[in-house]
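# Topology and contacts: notes
Listed here are the chains, written in short residue letters.
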Amino acid sequence: MDESTPPPPDIDAYPPPPPPSAPTGTPTDFLKGVVGKKVIVRLTSGVDYRGVLSCLDGYMNIALEQTEEHVNGVVTNRYGDAFIRGNNVLYISAAEPL
């Protein structure tokens, strides 16, 4: 290297980029945020119910409106309103962006 060429930058001089921001919050925050929105409720039996989350309680008892029952990805029934007992619920996920 001659005197007119600057030295290469020191790689350690630059900090690593920050990790991508992950959604934060508690499960309670999530559940409060999806009331009134479309959700997917998976039961322990593997059956999915898709509808608008009307309300839920501390036992995970769920009331859905405009409900569809999906078995193996196929719509098998449509209900106006549905009540799902909490001990059958495996998980709840948002069916639309929050």
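Below is a summary of the structure that appears in this document. Predicted model only: the values in this text are computed from it and were never measured.

### Concerning the pattern of salt bridges
- Summed over the entire model, instances satisfying the criterion amount to three salt bridges.
- Notably, a salt bridge pairs Asp48 with Arg42, separated by 2.3 Å at the nearest N-O pair.
- Exposure remark for Arg42: the relative accessible area of 25% places this residue in the partly exposed category.
- With a shortest N-O distance of 3.3 Å, Arg78 and Glu68 are connected by a salt bridge. Taken together, the residues Arg78 in strand β4 (residues 74-84) and Glu68 in strand β3 (residues 62-71) connect sequence positions 10 residues apart.
- Take Arg78: its relative accessible area is 63%, and that puts it in the exposed class.
- Put simply, Arg42, Asp48 and Arg50 are held in one network by salt bridges that share partners.

### As for unusual backbone geometry
- In this structure, Gln66 takes a positive phi of about 50° despite not being glycine.
- In this structure, Gln66 sits in strand β3.
- Here Asn72, not a glycine, exhibits a phi torsion of approximately 55°, which is positive.
- Tracing the chain through its elements places Asn72 in the loop between β3 and β4.

### Describing the sheet that holds strand β5 (residues 89-94)
- Sheet architecture is open: five strands sit in the order β4-β3-β2-β1-β5, paired in antiparallel fashion. This sheet does not close on itself; its edge strands, each paired only once, are β4 and β5. Neighbour-to-neighbour, the strand axes of the sheet open up by a mean angle of 25°, direction not taken into account.
- Note: strand β1 (residues 38-43) against β5, five bridges, orientation antiparallel. Along β5, the bridge assignment pairs Ile40 with Ser93.
- Of the strands in this sheet, β1, β2 (48-56) and β5 are in contact with helix α1 (residues 27-34), which crosses β5 at around 60°.

### Description of the side chain of Glu69
- The residue Glu69 is located in strand β3 in this model.
- Engagement of the side chain of Glu69 in a polar contact is seen with the side chain of Tyr49, the distance being 2.5 Å.
- Apart from residues no more than four positions distant in its own chain, Glu69 is found in contact with Val47, Asp48, Tyr49, Val74, Val75, Thr76, Asn77 and Tyr79.

Analysis parameters
- Residues numbered from 1 in each chain as written.
- Predicted model: local features only at pLDDT ≥ 70, side-chain atom pairs only at ≥ 80, totals over all residues.
- Heavy atoms only, no water.
- Salt bridge = Lys/Arg side-chain N within 4 Å of Asp/Glu carboxyl O.
- Buried < 20%, exposed > 50% of the residue type's maximum accessible area, 1.4 Å probe, protein only.
- Helix = DSSP H or I, 4+ residues; strand = E, 2+ residues; numbered from the N terminus.
- Pairing = 2+ DSSP bridges.
- Axes fitted to C-alpha atoms, helices over the stretch in contact; angles between N-to-C directions.
- Contact = heavy atoms within 4.5 Å.
- Polar contact = N/O pair within 3.5 Å; in protein donor to acceptor, adjacent residues only side chain to side chain.

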